[in-house]
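Below are the chains, spelled out letter by letter.
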Amino acid sequence: MTRVERKGLTRRALLGRAVAAGALAVAGTGFIAAPDAAWAMEVSVITPEQMATLMQMARDIYPHDQVADRFYAVAVKGYDDAAAKDLVDAGIAALNAAAQAQGHADYLSIGWEEDRVKVLQAIEGEVFFQTVRAGLVTGLYNQKDVWPIFGYEGESFSQGGYIDRGFDDIDWL
Amino acid sequence: MVAKFDLNDDSVVVIIGTGAGGGVLANELAQKGVKVVALEAGGRYLPDDYINDEWDSFGQLAWLDARTTSGDWRVAKDFAGLPAWIVKAVGGTTTHWAGASIRFQEHEWKALSTYGAVEGANLLDWPIDAAEMEPWYALAETKLGVTLTEGRAGLPGNNNYKVFEAGAKKLGYKEVHTGRMAINSSDYDERPACQQTGFCFQGCKWGAKWSAAYTDIPRGEATGNLEVREHAHVARILHDDTGKVTGVEYFDKEGNLHLQKARIVSVAGNSFESPRLLLNSASSMFPNGLANSSDQVGRNYMRHTTGSIYGIFDKPVRMWRGTTMAGIVQDEARHDPSRGFVGGYELETLALGLPFMAAFLNPGGWGRGFTTALDHYENMAGMWIVGEDMPQATNRITLSETKDQWGLPVANVHFSDHPNDVAMRNHAYKQGMAIYDAVGATRSFPTPPYPSTHNLGTNRMSERPEDGVCNKWGQTHDIANLFISDGSQFTTGAAENPTLTIVALAIRQADHIAREMAAGNL
Ligand SMILES: Cc1cc2nc3c(=O)[nH]c(=O)nc-3n(C[C@H](O)[C@H](O)[C@H](O)COP(=O)(O)OP(=O)(O)OC[C@H]3O[C@@H](n4cnc5c(N)ncnc54)[C@H](O)[C@@H]3O)c2cc1C
Ligand code: SF4
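All values reported here derive from a predicted model rather than from experimental measurement.

Draft legend 1. Quick peek at the overall build of chain B. Looking only at helices and strands, chain B features 12 helices and 17 strands. Taken over C-alpha atoms, the radius of gyration comes to 22 Å for chain B, in line with the 24 Å a tight globule of 522 residues would show. Taking the principal axes of the C-alpha coordinates as reference, chain B spans close to 70 × 50 × 45 Å. The long-range share in chain B, meaning contacts at least 24 apart out of those at least 6 apart in sequence, stands at 75%. Entry remark: accessible area of chain B is about 16,200 Å², with carbon and sulfur atoms responsible for 51%. Positive and negative side-chain charges in chain B, numbering 46 and 61 respectively, have mean positions lying 3 Å apart.

Draft legend 2. Representation of the overall build of chain A in the model. Of regular secondary structure, chain A possesses 6 helices and 5 strands. When its helices and strands are written in sequence order, chain A yields β-α-β-β-β-β-α-α-α-α-α. The proportion of buried residues among the 173 residues of chain A is 49%. In chain A, the proportion of contacts linking residues at least 24 apart, taken out of those at least 6 apart, comes to 56%. When the accessible surface of chain A is split by element, carbon and sulfur atoms take 52% of a total near 8,000 Å².

Draft legend 3. Here's a closer look at the interface of chain B and chain A. Tallying the contact residues gives 43 residues for chain B and 40 residues for chain A. When the buried area of chain B at its contact with chain A is split by residue, Arg321, Trp366 and Arg368 of chain B rank highest and sum to 21% of it. Between chain B and chain A we count 5 salt bridges in total. For Arg321 of chain B, the salt bridge goes to Glu153 of chain A, with nearest N and O atoms at 2.9 Å. Within the residue set of the side of chain B that touches chain A, elements represented by two or more residues are α2 (54–61), α6 (159–170), α9 (354–360) and α10 (368–375) of chain B. If one sorts the elements of the side of chain B that touches chain A by residue count, α10 of chain B sits on top with 5 residues. Tallied by class, residues from the side of chain B that touches chain A come to 20 nonpolar, 13 polar and 10 charged.

Draft legend 4. Spotlight on the confidence of the model for chain B. Put simply, chain B has an average pLDDT of 97, and 100% of its residues get 70 or more. Two summary scores accompany this predicted model of the complex, namely pTM at 0.94 and ipTM at 0.92.

Draft legend 5. The arrangement of the packing of helix α4 (residues 85–101) of chain A against helix α6 (residues 127–139) of chain A in detail. Residue and element names in this part refer to chain A. Following both chains from N to C, one finds α4 and α6 inclined at 115°, their axes separated by 9 Å at the closest point. What the angle tells us is that α4 and α6 run roughly perpendicular. In the packing of α4 onto α6, the handedness of the crossing is left-handed. Two secondary-structure elements touch here, α4 through Leu87, Val88, Gly91 and Ile92 and α6 through Val127, Phe128 and Thr131. Split into classes, the residues belonging to the contact of α4 with α6 amount to 5 nonpolar, 2 polar and no charged.

Draft legend 6. View of the side chain of Arg276 of chain B. All names here are of chain B. Position of Arg276 relative to the elements: it lies in helix α8 (residues 270–280). A polar contact of 2.8 Å, which involves the side chain of Arg276, links it to the backbone oxygen of Pro409. Beyond its immediate stretch of four places on either side in the chain, Arg276 contacts Trp63, His233, Leu399, Asp404, Leu408, Pro409, Val410 and Ala411.

Draft legend 7. Representation of the site of ligand 2. Contacts to ligand 2 come from Ile183, Cys194, Gln195, Gln196, Thr197, Gly198, Phe199, Cys200, Cys204, Trp206, Lys209 and Thr323 of chain B. Looking at the shell around ligand 2 residue by residue, the classes come out as 6 nonpolar, 5 polar and 1 charged.

Draft legend 8. Up close: the sheet that holds strand β6 (residues 233–239) of chain B. All names here are of chain B. Spatial ordering of the open sheet is given by β6-β7-β8, a layout of 3 strands whose pairing is antiparallel. At either margin of the open sheet sits one strand with a lone partner, and together these are β6 and β8 (257–261). The average angle at which neighbouring strand axes cross in this sheet is 25°, direction not considered. Relative to strand β7 (residues 245–251), β6 runs antiparallel, the two being bridged by 6 bridges. Paired with His233 across the strands is Phe251, a residue of β7.

Draft legend 9. Summary view of the site of ligand 1. Residue and element names in this part refer to chain B. Residues in contact with ligand 1 amount to 39 residues; listed here are only the nearest, Glu40, Trp85, Thr93, Asn270 and Thr499. In this structure, an oxygen atom belonging to ligand 1 sits 3.0 Å away from a main-chain N or O atom of Ala89. Within the side chain of Asn270, one N or O atom sits 2.7 Å away from an oxygen atom of ligand 1. Here ligand 1 loses 99% of its free accessible area of 990 Å² to cover by the protein chains.

Draft legend 10. View of the packing of helix α2 (residues 48–61) of chain A against α4 of chain A. All names here are of chain A. Contact geometry of α2 with α4 gives a least axis separation of 11 Å together with a crossing angle of 65°. For the element pair α2 / α4, the angle class is roughly perpendicular. Between α2 and α4 lies a crossing of left-handed hand. For the pair α2 and α4, contact is made by Gln50, Thr53, Leu54 and Met57 and by Val88, Asp89, Ile92 and Leu95, respectively. A per-class count over the contact of α2 with α4 returns 5 nonpolar, 2 polar and 1 charged.

Draft legend 11. Broad picture of the packing of aromatic side chains. Scanning the entire structure with this criterion turns up 34 aromatic pairs over all chains. Pairing Phe313 of chain B with Tyr436 of chain B gives two aromatic rings, centres 5.9 Å apart and planes at 85°, and the pair type is edge-to-face. Here Tyr436 of chain B lies in helix α11 (residues 419–438) and Phe313 of chain B lies in the loop between β10 (308–312) and β11 (328–329), a separation of 123 residues in the sequence. Here the aromatic rings of Phe341 of chain B and Tyr345 of chain B are separated by 6.3 Å at their centres, their planes lie at 40°, and the arrangement is tilted. Looking at Phe341 of chain B, the relative accessible area reads 2%, which means it is buried. One Lys or Arg, Lys205 of chain B, reaches over the ring of Phe157 of chain A and ends 5.0 Å from the middle of that ring. Positioned over the ring face of Phe415 of chain B is Arg303 of chain B, at 5.6 Å from the centre of the ring.

Draft legend 12. Spatial organisation of the sheet that holds strand β13 (residues 380–387) of chain B. All names here are of chain B. Spatially, 6 strands are ordered β4-β11-β12-β13-β10-β16 in an open sheet, and the strand pairing comes out antiparallel. The strands lining the two open edges of the sheet, one partner per strand, are β4 (176–177) and β16 (443–447). Where β10 meets β13, 5 bridges bridge the pair, whose relative direction is antiparallel. For Ile309, the partnering residue across the bridge sits in β13 and is Met383. Across the face of the sheet, α11 comes into contact with β10, β11, β12 (345–349), β13 and β16 while running at roughly 150° to β13.

Reading the values: rules and limits
- Residues numbered from 1 in each chain as written.
- Chains lettered and ligands numbered in written order.
- Predicted model: local features only at pLDDT ≥ 70, side-chain atom pairs only at ≥ 80, totals over all residues.
- Heavy atoms only, no water.
- Helix = DSSP H or I, 4+ residues; strand = E, 2+ residues; numbered from the N terminus.
- Rg over C-alpha atoms; globule rule 2.2 N^0.38 Å.
- Contact = heavy atoms within 4.5 Å.
- Areas by Shrake-Rupley, 256 points an atom, 1.4 Å probe, with all protein chains shown as cover.
- Lys, Arg positive; Asp, Glu negative; His and termini not counted.
- Charge placed at Lys NZ, Arg CZ, Asp CG, Glu CD.
- Buried < 20%, exposed > 50% of the residue type's maximum accessible area, 1.4 Å probe, protein only.
- Buried area = accessible area lost by both parts, 1.4 Å probe.
- Salt bridge = Lys/Arg side-chain N within 4 Å of Asp/Glu carboxyl O.
- Nonpolar A, V, L, I, M, F, W, Y, C, P; charged D, E, K, R; others polar.
- pLDDT = per-residue confidence, 0-100.
- Axes fitted to C-alpha atoms, helices over the stretch in contact; angles between N-to-C directions.
- Parallel < 35°, antiparallel > 145°, perpendicular 65-115°, else oblique.
- Left-handed = near helix turned anticlockwise from the far one by under 90°.
- Polar contact = N/O pair within 3.5 Å; in protein donor to acceptor, adjacent residues only side chain to side chain.
- Near = heavy atom within 4 Å.
- Pairing = 2+ DSSP bridges.
- Phe/Tyr/Trp six-rings, centres within 6.5 Å; stacked < 30°, edge-to-face > 60°.
- Lys NZ or Arg CZ within 6 Å of the ring centre and 35° of its normal.

Printed below as a string of structure tokens:
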């Protein structure tokens, strides 16, 4: 979580100049932040707009309404890397081109998930989409902080297993 | 005291791989006073080292060296470089395994005679039968401490089992229980009872589940007759000009090549690596690979007809709590062609943690159809199918263009379902979903087979040398002092999880080898 920072007022100041980008705000100076400034992420290689696009893609590929943006941010932050830049540049350009072909300004400006999904379906055979999707399988679901949201309890040996902690406690059958 | 043998000691039995087959064979021979060098490509991990975390454990234990895939199975598309989920470590896949330990049914030793010829299938009868195997199964059950055999109590049912059992009974299934499991229901053989930790697939940190890593291997070493060399990857089996094998070449951790001489060589690297090794050992005398005059090395690859079924309920199940696979319905394991296929299948409970559930629920899937299922992870119950699949000559291991870190051609795994496999899987999907629907599932769905956990048949046993690679002792038809000791010797796969049979065959083979050595025949 190194680049995901919880910031206060200074970030708010930045956000004052931000342009709306989906549910997220993109500041002009290498930051992307939640509208309420609950968290922010610094990008150094790709643009904030590209990071916002990746996050929206992540939400649309694996939408869980109970999972906050910051978990998706952690899952895609690795694309802010020189090694990934070409993939991201070309991939997002193709994504936006697909959006335009379906009559939208670009992917991020599409209001309904249903319409964004149609755009994603147009590029789902491409390496870019498959890389992002496959990366999310571990990038999102292998975050230990995400597990409790789904009820999963993780490691149990240190607590003595479930033998005294409800391995057979089902009561509704 | 742990033995140390010289590289030039040509009186030793060299065993390649230390899993269910090789690990047990090594100990059984050592107990009989036979000197053994066991070479294991992976490292050594014990219960303290195991990790209660699916991906971290996978990174620690799984075989991650390159492999390639082809054929129309979905694994070739979804997991192109990972055809199997198996282990590279001392103890082999017995660290990962879930412990389900059931005997073949009598008729399954004679698949060709029982089912008749099936078009497109390369069916064959085993050269052994149930009566022959009975005492070896009994020894294997004692070794593994299998529950519900020899008076041992069954495991208590966990939440996932209770849902499964209730549904199965409503459907009228009769043979429903918590399984014959190599997991202690009470203290046994210096190992504790299961603590219902729920990470059986990640290595049992209590040692409640049998694994060669902390039973047979150290016991063999304690005799002073067994040396296990870890991080020793065998590259080639060597032979002399009489056609007898003389030793093996292997790479150590640093990549140095060594030559270990041997009186007998046993191949037990699991069903991809064993044929790969025989093929990679081709020479001017054996241009098609060792023990391959039949052209059957690598063919007839079987992986069981599998697939999983998950049910979602309106209330919590918490399937991850407790044993991963202690629950079985055996009613469908019978041979009953009126169902539209030959052979049968078992249904067994199965639970995955959230990270693996996400990876295996519908590989490649995305969008709300996928995520709304995962949203109810806490309310989910799971089971999987283990059915007999048809051996096909074209489902096979060949050498790939791709090379591994040692510069050796890797295994290409080619697999396509036989129509019988498809018919069986569809039947099982229907029955599995009906089980959950019977107890009020609000949604139930089938999921495709994972990368293979059961890998069988690629050096099969046969009565006649032209039909297979080894005889009823696992001894290769072509080379008297070369043995096959793992799941690759399976003639057919039966409906049962394979490991009890692999272990029983290894105990029997050790007895045979020791006897033949003593008689001067080997
Ligand atoms: C998740 C999971 C759950 C399972 N659950 C069950 C179950 O409940 N019941 C059941 O019956 N079965 C189960 N199985 C299957 C079972 O683990 C295998 O059938 C069994 O371990 C196979 O035994 P083997 O001796 O053929 O190979 P393995 O146990 O895989 O051992 C092969 C060993 O050989 C080594 N090796 C390979 N090539 C070389 C080489 N060139 N040089 C040196 N060493 C080499 C490998 O590193 C490995 O350690 C499960 C498997 C998995 C993955
Ligand atoms: S559930 Fe039982 S057998 Fe499985 S890992 Fe835990 S203690 Fe071991």
